[in-house]
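Each chain, letter by letter, is given below.
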Amino acid sequence: MSLWQRIPGVLLGILFFFPVPAAHPASLAWELYREGNWPACSIEAARLLASDPADQSAQFLLHACTARQSPGAGACSNLLALAGSSSSSEIRAHAATEAAWALLRNHTPRQAWQPAVQAFLTTNDRETFLQSLAILEHLHRHICRDIAMPPDVERQYLTCEPLLRLVPEALKPPRPDSLARRLGTTPGRLIVAFYRSCIRPAIGSRCSLSPSCSEYFHLSTRKHGLLGIPMLADRLVREPSVVLAARYPLEQDRRTVYHDPVEHHDFWIQSP
Amino acid sequence: MNSTRRSSRRFRLSSFPGGRRGLSPAWALLLVFTAPAALQAAEATPPSLAVSLAKADDHAGAALEFRRQALDSQDSASKAAFYWSAAREYHEAGQYEVADKMVDAAENEDPDLLAPTLLLRGENSAAIRDWPSSAFFFRNLLSTPGDTNRTRYAARSLAVAELRRRQPDAARQALLGTGSDESTPLSALDRYSQGRDKRPWLGGLLGMIPGLGYAYAGEFANAGRSLILNSLFIFGMVNTADNENWGAFAAISFFELTWYSGSIYGGIDAAHRYNQDRLETCAQGIMNHASFEPNYATLPALSIQFRF
């Protein structure tokens, strides 16, 4: 046998013993999903769907990203349909978790109960499990107190409850604001709402800074409560000097404004 | 002689794939196994797309394309280089958490990529104002053997991190340890050491006299505006109280309280801003326009150019 006839056999042997692991085409989309980069993830998922319209993983990613960006009824129903019909149990669990999350954000939290339970019971993925556990805990404590858990679910839930401390903040549903926080932020919210609905339409947008003074007040009261009031007064006093200094110019609505965010004036409050 | 030539000719034509007898089954099988990978490699996004996006300031888009290329690459060194490039672009896009994740991926693929990963880790830590970590990474980079330009850049970055940790002596040591001429950064550091920070608590205290807190930090225009506004509203309060117009008095008092508390807050904030500006000026003086730029033309081989 000649040398050229031996080469393919040897190469095939090498290929057999050392298969090169090709990157899974959906892995970049999944990485983006895990990072919470919804716009990029939805583009990747659409790219995957263009090459294979039956790819359920890509379908899930696209629906999940759509729901994360605008949790409307359509996005929720797409996810619920996928949670019921997908051939992969893991995609069903992922879709159920995302549907529960979207329903929570869509102000129909009681409907999130069933998909959250489904995901909690069926997933094998660590992050999906922790997220469904966090959603279930949130619903159980704050929203669906009157709904009795089936005994098997309750048993598993009680066993897993200590794991809640492992759930990253990004996976937890937003907690309702405390009374102190609401008291701190409500005056600011009301003043900004009054200004925006009654005064600004008459005088127009006059602020030369970005964010505008009303937005600055809104952000500072959200962040620091009543401290937002002196922060706004300081902003109004400083505004002409910031414009004169022209340090961080921005183009906004075809006019030049100057960047002056809350972070430039509260860094010393946050620093230890 | 003739027979030897004939045999050699037969070897070339019949055994080589695509020879006179057509493709042998073994070669055909090998082609079946390797063709998809070859096609995938051929279809892979060309580096120019990522580079074009980076040049067009779409850093997040460029980072995504570099990630795609890293996933498509087969050898670890190329993967590491593409992940590093993605990290650099995420850094430029202000997505420091993902940038760190990409540096981790680059380091996992190629542990020999130590210096570039230390450089980006230092930059990422500095961007999120984690000065102790930034100092740690740049100190490690400084101790890694490398060319003079990289050493100078690492020393200056370390000096800035130490300065922001309020340790100007450590910053000076970092600059003196390079062995190069760092007279401009050192003079910036000298100017900073000769100046004095404003005391924010004193600014707040002086702010109780409207406008004085701003004046303490050298913001005289703001001081004047604060004084005028407070004076007007205090006058309004006194006037409405004199006229027993208590409704107007309550409204004006609310606004005056806002201006007055703003004067105190502004006094503290102005002092902090003054100190921050001093620090920024010094940090810029130390860096003295030093920067680095990856040369994407050499990818998948990683090459970084330092500019001074």
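**Examining the overall build of chain A**
- Along the backbone of chain A there are 13 helices and three strands.
- For chain A, the residues scored as buried account for 42% of the 272 residues in total.
- A separation of at least 24 residues holds for 59% of the contacts in chain A among residues at least 6 apart in sequence.
- Summing over all exposed atoms, chain A offers an accessible surface of approximately 14700 Å²; the carbon and sulfur share of this is 60%.

**A few points about the domain arrangement of chain B**
Residues and elements named next belong to chain B.
- With domains assigned, chain B is organised as domain 1 (48-196) and domain 2 (200-286).
- The C-alpha centroid of domain 2 is placed 41 Å from the C-alpha centroid of domain 1.
- Counting residues at the interface gives 15 residues for domain 1, matched by nine residues for domain 2.
- The tally of links from domain 1 across to domain 2 stands at one salt bridge.

**A short note on the domain arrangement of chain A**
- According to the domain assignment, chain A consists of domain 1 (25-171) and domain 2 (179-264).
- The straight-line distance from the C-alpha centre of domain 1 of chain A to that of domain 2 of chain A is 37 Å.

**As for the sheet that holds strand S3 (residues 255-259) of chain A**
Residue and element names in this part refer to chain A.
- The sheet built from three strands is open, its strands ordered S1-S3-S2 with mixed pairing. This sheet does not close on itself; its edge strands, each paired only once, are strand S1 (209-210) and strand S2 (249-252).
- Sheet analysis places S2 next to S3, joined by four bridges and oriented antiparallel. Looking across to S3, one finds that Pro 249 is bridged to Tyr 258.

**Examining the environment of Arg 175 of chain A**
- Within the element layout of this structure, Arg 175 of chain A appears in the loop between helix H9 (151-160) and helix H10 (179-203).
- Every residue in contact with Arg 175 of chain A, bar those within four places of it in the chain, is listed here: Glu 137, His 138 and His 142 of chain A.

**Observations concerning the pattern of salt bridges**
- In the structure shown here, the tally under the stated rule is 34 salt bridges over all chains.
- Residue Glu 65 of chain B pairs with Arg 47 of chain A through a salt bridge whose shortest N-O separation is 4.0 Å. Of this pair, Glu 65 of chain B sits in helix H4 (residues 59-72) while Arg 47 of chain A sits in helix H3 (residues 38-51), each in a different chain.
- Judged by relative accessible area, Glu 65 of chain B falls into the buried class, the value being 8%.
- Taking relative accessible area as the criterion, Arg 47 of chain A reaches 43% and is therefore assigned partly exposed.

**Digging into the side chain of Ser 132 of chain A**
- With respect to the helices and strands, the residue Ser 132 of chain A is situated in helix H8 (residues 126-143).
- Ser 132 of chain A has contacts with Thr 97, Ala 116, Ala 119 and Phe 120 of chain A, leaving out every residue within four places of it along the chain.

**What about the packing of helix H12 (residues 228-245) of chain A against helix H14 (residues 220-242) of chain B?**
- Where H12 of chain A meets H14 of chain B, the closest approach of the two axes is 9 Å, and the angle between their N-to-C directions is 145 degrees. Handedness of the H12 of chain A/H14 of chain B crossing: right-handed. On H14 of chain B, the residues that touch Val 237, Arg 238, Pro 240 and Ser 241 of chain A of H12 of chain A are Ala 221, Asn 222, Arg 225, Ser 226 and Leu 229 of chain B.
- For the contact of H12 of chain A with H14 of chain B, a count of residues per class yields four nonpolar, three polar and two charged.

**Section: helix H6 (residues 89-105) of chain A**
- Given a rise of 1.5 Å per residue, 17 residues ought to cover 24 Å, and the 24 Å separating the end C-alpha atoms of H6 of chain A matches this to within 8%.
- Counting buried positions along H6 of chain A gives 13 out of 17 residues, so the element sits mostly inside the fold.

**Describing the packing of aromatic side chains**
- A full pass over the atoms with the stated rule returns 16 aromatic pairs over all chains.
- Centre to centre, the rings of Trp 30 of chain A and Tyr 33 of chain A are 5.5 Å apart; their planes meet at 85 degrees, and the pair counts as edge-to-face. In this pair, Trp 30 of chain A and Tyr 33 of chain A are both assigned in helix H2 (residues 27-35), three residues apart and thus about one turn of the helix distant. Each member of the pair, Trp 30 of chain A as well as Tyr 33 of chain A, is classed as buried.
- Taking the centre distance of 4.9 Å and the plane angle of 45 degrees together, the rings of Phe 66 of chain B and Tyr 296 of chain B count as tilted. With Phe 66 of chain B in helix H4 and Tyr 296 of chain B in the loop between strand S1 (291-294) and strand S2 (304-307), the pair connects residues that are 230 residues apart, well separated along the chain.
- Three or more aromatic residues link up through ring pairs in this structure, and these residues are Trp 30, Tyr 33, Trp 38 and Phe 60 of chain A.
- One cation-aromatic arrangement involves Lys 198 of chain B over Tyr 216 of chain B; the distance from NZ or CZ to the ring centre is 5.2 Å.

**Regarding the packing of helix H9 (residues 148-164) of chain B against helix H10 (residues 168-176) of chain B**
All names here are of chain B.
- Axis separation between H9 and H10 bottoms out at 7 Å; the angle between their running directions is 175 degrees. When the axes of H9 and H10 are compared, the pair comes out roughly antiparallel. In this structure, H9 uses Ala 155, Arg 156, Leu 158, Ala 159, Glu 162 and Leu 163 to contact H10, whose residues at the interface are Pro 168, Ala 170, Ala 171, Ala 174 and Leu 175.
- Tallied by class, the residues present in the contact of H9 with H10 amount to nine nonpolar, no polar and two charged.

**Here's the deal with the environment of Phe 292 of chain B**
All names here are of chain B.
- Checked against the element boundaries, Phe 292 lands in strand S1.
- For the pair Phe 292 and Arg 307, spaced 15 residues apart in sequence, the C-alpha separation works out to 5.8 Å.
- Phe 292 has contacts with Trp 84, Arg 88, Leu 119, Leu 120, Glu 123, Tyr 153, Ile 304, Gln 305 and Phe 306, leaving out every residue within four places of it along the chain.

**Brief notes about the confidence of the model for chain A**
Residue and element names in this part refer to chain A.
- Model confidence for chain A is summarised by a mean pLDDT of 81, while 88% of its residues fall at 70 or above.
- By mean pLDDT, the top-scoring element of chain A is H12 (91), and the lowest-scoring one is helix H1 (residues 3-17) (54).
- Ignoring residues within four places in sequence, the model shows residues 15-23, a span with pLDDT below 50, making six contacts including any to other chains.

**Details of unusual backbone geometry**
- The omega torsion across Ser 210 of chain A and Pro 211 of chain A is -5 degrees, close enough to zero to call that bond cis.
- For Pro 211 of chain A, the position within the fold is in the loop between S1 and helix H11 (213-224).
- A positive phi angle, near 50 degrees, is found at Ala 246 of chain A, a position not held by glycine.
- When you line up the elements, Ala 246 of chain A lands in the loop between H12 and S2.
- Despite not being glycine, Arg 166 of chain B shows a phi value in the positive range, around 65 degrees.
- Assignment of secondary structure puts Arg 166 of chain B in the loop between H9 and H10.

Scoring rules and cut-offs
Residues numbered from 1 in each chain as written. Chains lettered and ligands numbered in written order. Predicted model: local features only at pLDDT ≥ 70, side-chain atom pairs only at ≥ 80, totals over all residues. Heavy atoms only, no water. Helix = DSSP H or I, 4+ residues; strand = E, 2+ residues; numbered from the N terminus. Buried < 20%, exposed > 50% of the residue type's maximum accessible area, 1.4 Å probe, protein only. Contact = heavy atoms within 4.5 Å. Areas by Shrake-Rupley, 256 points an atom, 1.4 Å probe, with all protein chains shown as cover. Domains from an automatic or database assignment. Salt bridge = Lys/Arg side-chain N within 4 Å of Asp/Glu carboxyl O. Pairing = 2+ DSSP bridges. Axes fitted to C-alpha atoms, helices over the stretch in contact; angles between N-to-C directions. Left-handed = near helix turned anticlockwise from the far one by under 90°. Nonpolar A, V, L, I, M, F, W, Y, C, P; charged D, E, K, R; others polar. Expected span 1.5 Å × (residues − 1). Phe/Tyr/Trp six-rings, centres within 6.5 Å; stacked < 30°, edge-to-face > 60°. Lys NZ or Arg CZ within 6 Å of the ring centre and 35° of its normal. Parallel < 35°, antiparallel > 145°, perpendicular 65-115°, else oblique. pLDDT = per-residue confidence, 0-100.

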